[in-house]
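# Commentary on secondary and tertiary structure
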Amino acid sequence: MFEFTERRSRWVLGVFAVLALVLGALSATLFDRVDGGGYTDPGSESSRALTVLREEFGQGSPNLVLLVQTESSVDDPETVSAATALVANLHERGGVIDVVSYWTTHQPALRSVDGKQGLIVASVLGTEREIDDTVTGITNDLSRLDGPLQVRVGGFAMLMHETVLQSKTDIARGEAIAFPLTMIALLFVFGGLVAASLPLLVAVVTVVLTMGTLWLLTLFIPLSVTATNVATLLGLGLAIDYSLLIVNRFRDELAAGRGPAGAVATTMRTAGRTVAFSALTVAVALAGLLFFPLLAIRSMGYAGIAVAALAALVALTVLPATLLLLGSRVDKGQLGWWFLRAPRPAPGEGAWHKLATAVMRRPLPIGLAVAAFLLLLGAPFLGVKLGFPDERTLPESMNSRQVTEIIHRDFSESDQNTLVAVLPESAYSADGLDAIARELSDLDDVRRVDTATGSYAQGGLLAEPTAANARFRAERAAYLSIVPATTDSHALAALVEQVRAVPVPSELLVGGVAAANVDSIAAIEDALPWALGFVIVLMLIVLFLLTGSVVLPVLAVILSALSLTATFGALVWIFQDGHLSGLLGFTVTGDLSATVPVMLFAAAFGLAMDYQVFLLSRIREEYDRTGKNETAVALGLERIGRIVTAAAILISLVFLGFLASDITFMKAFGIGLPLAVIVDATLVRGFLLPAAMKLLGDANWYAPEFLRRLHDRVGLDEGGRALRQDIPVRDPLGVTGRAEEIVVVDPLARAEEARAEAARAEAELTPAAGSRETAD
């Protein structure tokens, strides 16, 4: 790839500029093509219930609520006339069925206690995108409504619609926060405007290409709005991470005396390979999300794979082409001594080297103490309560939230949490339906059961059947509408299980929002072992190809998983239990969105493995050079420490942009991802990794002979070979050119250098004379 980029630098930049313009133009309409939901399992019992309801009865789950407000009374003739006309308009609108209102049924539950508000409840059918289009049309028409009525739109369909709108706002706000903070941090890392702007250039191109790619994906598969949230900030973070590695290595090669072409060649052979390998680990971690049937989770998987691949592609093409054109001008725009890079310490003098040395003197107590501390931080997750987003996850200014809160406050009853019990392909007598309805009405937390034979409450028949009850029965099927007496999500989940446990002669399918939530949590739990197995097995294979060891991949997976304990403990402590809710600005719901731990684990685990790749590749290089395990650990941490630290800080600043979101479960990413990155870059890298590698000793590098031979054939190895390099030359006229050189490694000289460096490192690991301490 480098050879092509070297010959066609301007052509490469031109192609990507055109791609960015085209895909950027396409992505302008991306939010019109994504769904606001994606939290239901399409193969679940609740989804099957809604399918039967729609196909057999022409009915749907009530997902649209119009709150009609008037200054006089809902029974005022002028109000009645206007509200009746509004109901008729909804009846005529395509995709809207089963419209029920106070003015057409006079049900007390649809009239507020003070008599100044009434409800119109309807079902909107279609795909989530079609439902969103219908809600948009209704909202636009109501905004132009004149007369005595004030109408506000609520319900689950409006909740999903406003989630898309809010996500679009959040992305712009997050980028507005992340870009300036990242630019300032990059100035401190690189010390100059030109070098600091290169990662942002790569980030912008990556994000634009990713959003355009997601637009193209919507032509073939449905996508949830979660894909756009993740693609923007994850793309920004990964692009900056990869650019940081490449630009830093390029500047080092220039400082060592190589010309631009030689510096880029060496950079791509070393840092470039690490970038490609790191992108693979991130993509593998996020590919595990494709095992889940929920569209919101799968969409994040699609977006994550795309953004990892595109971030690496842009960093390995656009960035080297730009560096070739810039050459030594990459250091232009220095801003002063306070922005200059600190001088690199001599071998064995760096802070990370000293920390690793100190840890390896007492690996067991230090490792156990840090591991116990992380497990303690993760303890709150043992009390996790899973749920799904409702109106409280949106800001208080959203219509869907306000309408729901008004109904709970001003209406004596609410039918928004209605469950449906569908009896498909069965002919039931009136007595049979009556018996089922009576048994369901006797369940705890059931206010009323409506079916073809009437309405039932605890104690028996509440109301005789009317003409409206005919809709509950088809030729060979019937259904019952169950109105709960509670709004608590956990009580509703328990009610779903109770309804499903009621014995009936044939199949009974339970649907509704609460039933869909129960089924979705079950789907996540069922898919989780398969997703984890897939990710772990592939990670072990990929890390074996990097290290040639069967021990280090297992250690890396364990340490990466351990680094997430603090994150999951914080999620429960903050977002479920409500600590810091005032500071972060969200409403406590008493549970944690079931999709958040899964999506957060995939992203955070991928990033943790990303840093493990940085570390283990450098430690492996040092081990091949010195043959000393402890020396390799200390020197590897020292030489990669500054880069990993800077990368962790930068990507954490980017992920803080999630905190700007007004959607609660997106704020969880703004807390969880930076925390996972910081823990991995400090406690795991500085303490657990050196402690574990010290205890394992040379066993770190063990592999059976047949796997060792396999690694020799197909493994990834960057060190110890004769390398073809470009070196700068100058002709008699003073024109700088390139010459190729074969670097021949002198085995005796290299061995002597390795022995001297190993002796210096071991001296630090050995206690001073007279000390009572002994090295572990």
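Residues numbered from 1 in each chain as written. Predicted model: local features only at pLDDT ≥ 70, side-chain atom pairs only at ≥ 80, totals over all residues. Heavy atoms only, no water.

Right, let's talk about the sheet that holds strand 7 (residues 446–451) for a bit. The antiparallel open sheet is built from 6 strands, whose spatial order is 9-8-7-10-6-11. If you trace the sheet from one side to the other, it starts and ends with strand 9 (460–463) and strand 11 (509–511), each paired once. Sheet twist, expressed as the mean angle between neighbouring strand axes with direction ignored, is 30 degrees. Note that strand 6 (residues 419–423) and strand 10 (residues 478–484) share 5 bridges and pair antiparallel. Along strand 10, the bridge assignment pairs Leu419 with Ile482. (Pairing = 2+ DSSP bridges. Helix = DSSP H or I, 4+ residues; strand = E, 2+ residues; numbered from the N terminus. Axes fitted to C-alpha atoms, helices over the stretch in contact; angles between N-to-C directions.)

In this section: helix 10 (residues 260–287). Each α-helix winds once per 3.6 residues, and so residues spaced three or four apart point in a common direction. Most pronounced at Met268, the bend in helix 10 amounts to some 40 degrees. Within helix 10, 24 of the 28 residues are buried, which leaves the element mostly enclosed by the surrounding structure. (Bend = angle between axes of the 7 residues up to and from the residue. Buried < 20%, exposed > 50% of the residue type's maximum accessible area, 1.4 Å probe, protein only.)

With that out of the way, let us pick up the packing of helix 21 (residues 595–626) against helix 23 (residues 664–696). The geometry of helix 21 relative to helix 23 is characterised by a closest axis approach of 9 Å and an angle of 35 degrees between their N-to-C directions. Two packed elements cross with a definite hand, and for helix 21 against helix 23 that hand is right-handed. Residues Val596, Met599, Leu600, Ala603, Ala604, Leu607, Ala608, Tyr611, Gln612, Leu615 and Ile619 of helix 21 form the contact with helix 23, whose own contacting residues are Phe665, Ala668, Phe669, Gly672, Leu673, Ala676, Val677, Asp680, Val684, Arg685, Leu689 and Met693. Of the residues contributing to the contact of helix 21 with helix 23, the split by class is 19 nonpolar, 2 polar and 2 charged. (Left-handed = near helix turned anticlockwise from the far one by under 90°. Contact = heavy atoms within 4.5 Å. Nonpolar A, V, L, I, M, F, W, Y, C, P; charged D, E, K, R; others polar.)

This part takes up helix 3 (residues 45–57). Helix length check: helix 3 (13 residues) gives 17 Å between terminal C-alpha atoms against 18 Å at 1.5 Å per residue, within 8%. If you check which residues of helix 3 are buried, you get Ser46, Ser47, Ala49, Val52, Leu53 and Phe57. On its buried face, helix 3 is in contact with strand 6, strand 10, helix 16 (489–501), strand 11 and helix 17 (513–547). With its phi angle positive at about 65 degrees, Gly58 sits one or two positions after the end of helix 3. (Expected span 1.5 Å × (residues − 1).)

In terms of nonpolar packing, the biggest core is built from 170 residues, with Leu238, Tyr242, Phe575 and Leu673 touching the most fellow members. Residues in contact with Phe575, not counting those within four places in the same chain, are Ala570, Leu584, Phe586, Asp591, Leu592, Thr664, Lys667, Ala668 and Ile671. Ile482, Leu492, Leu508 and Val510 belong to the second-largest nonpolar core, a separate cluster that totals 36 residues. (Core = buried A, V, L, I, M, F, W, Y, C linked by side-chain atoms within 4.5 Å.)

Before going further, it helps to examine a nonpolar patch on the surface. Together, Trp11, Val15 and Leu19 line one region of the surface with nonpolar side chains, adding up to about 280 Å² of accessible area. On the basis of relative accessibility, which here comes to 31%, the residue Val15 falls in the partly exposed class. (Patch = residues over 30% accessible without salt bridge, like charges linked within 9 Å, V, L, I, M, F, W, Y side chains within 5 Å. Areas by Shrake-Rupley, 256 points an atom, 1.4 Å probe, with all protein chains shown as cover. Salt bridge = Lys/Arg side-chain N within 4 Å of Asp/Glu carboxyl O.)

Tracing the sequence through the fold places Val613 in helix 21. When its relative accessible area of 0% is taken as the criterion, Val613 is described as buried. Taking the C-alpha atoms as reference points, Val613 and Thr274, separated by 339 residues in sequence, lie 7.4 Å from one another. When residues no more than four places from it in sequence are discounted, the contact partners of Val613 are Thr274, Phe277, Ser278, Thr281, Leu543 and Leu546.

For the rest of this paragraph, the subject is the sheet that holds strand 2 (residues 96–101). The antiparallel open sheet is built from 4 strands, whose spatial order is 2-3-1-4. A single partner strand is all that each edge strand has here, and the edge strands are strand 2 and strand 4 (150–154). Across the sheet, the mean angle separating the axes of adjacent strands is 20 degrees when strand polarity is ignored. When strand 1 (residues 64–69) meets strand 4, the two strands line up antiparallel, connected through 5 bridges. Following the sheet pairing, Val65 is matched in strand 4 by Gly154. Sheet contacts for helix 14 (residues 399–410): strand 1, strand 3 (117–124) and strand 4; angle to strand 4, the most-contacted strand, approximately 105 degrees.

This part is about the pairing of strand 3. Most of strand 3 sits inside the fold, with 7 of its 8 residues counted as buried. Bridge analysis of strand 1 against strand 3 gives 6 bridges, and the strand direction is antiparallel. By the bridge assignment for strand 3, Leu67 is matched with Leu119. In this sheet, strand 3 lies alongside strand 2 in antiparallel orientation, the contact comprising 4 bridges. Paired with Val100 across the strands is Val121, a residue of strand 3.

Within this structure, the stated rule accounts for 24 salt bridges. We note a salt bridge from Glu253 to Arg249, for which the minimum N-O separation is 2.9 Å. Of this pair, Glu253 and Arg249 are both found in helix 9 (residues 226–255), 4 residues apart, which corresponds to roughly one turn of the helix. For Glu253, a relative accessible area of 7% gives the class buried. Glu621 serves as the salt-bridge partner of Arg618, at 3.9 Å between the closest nitrogen and oxygen. Of this pair, Arg618 and Glu621 both sit in helix 21, separated by 3 residues, roughly a single helical turn. Through salt bridges with shared partners, a single ionic network connects Arg618, Glu621, Glu622, Arg625 and Arg639.

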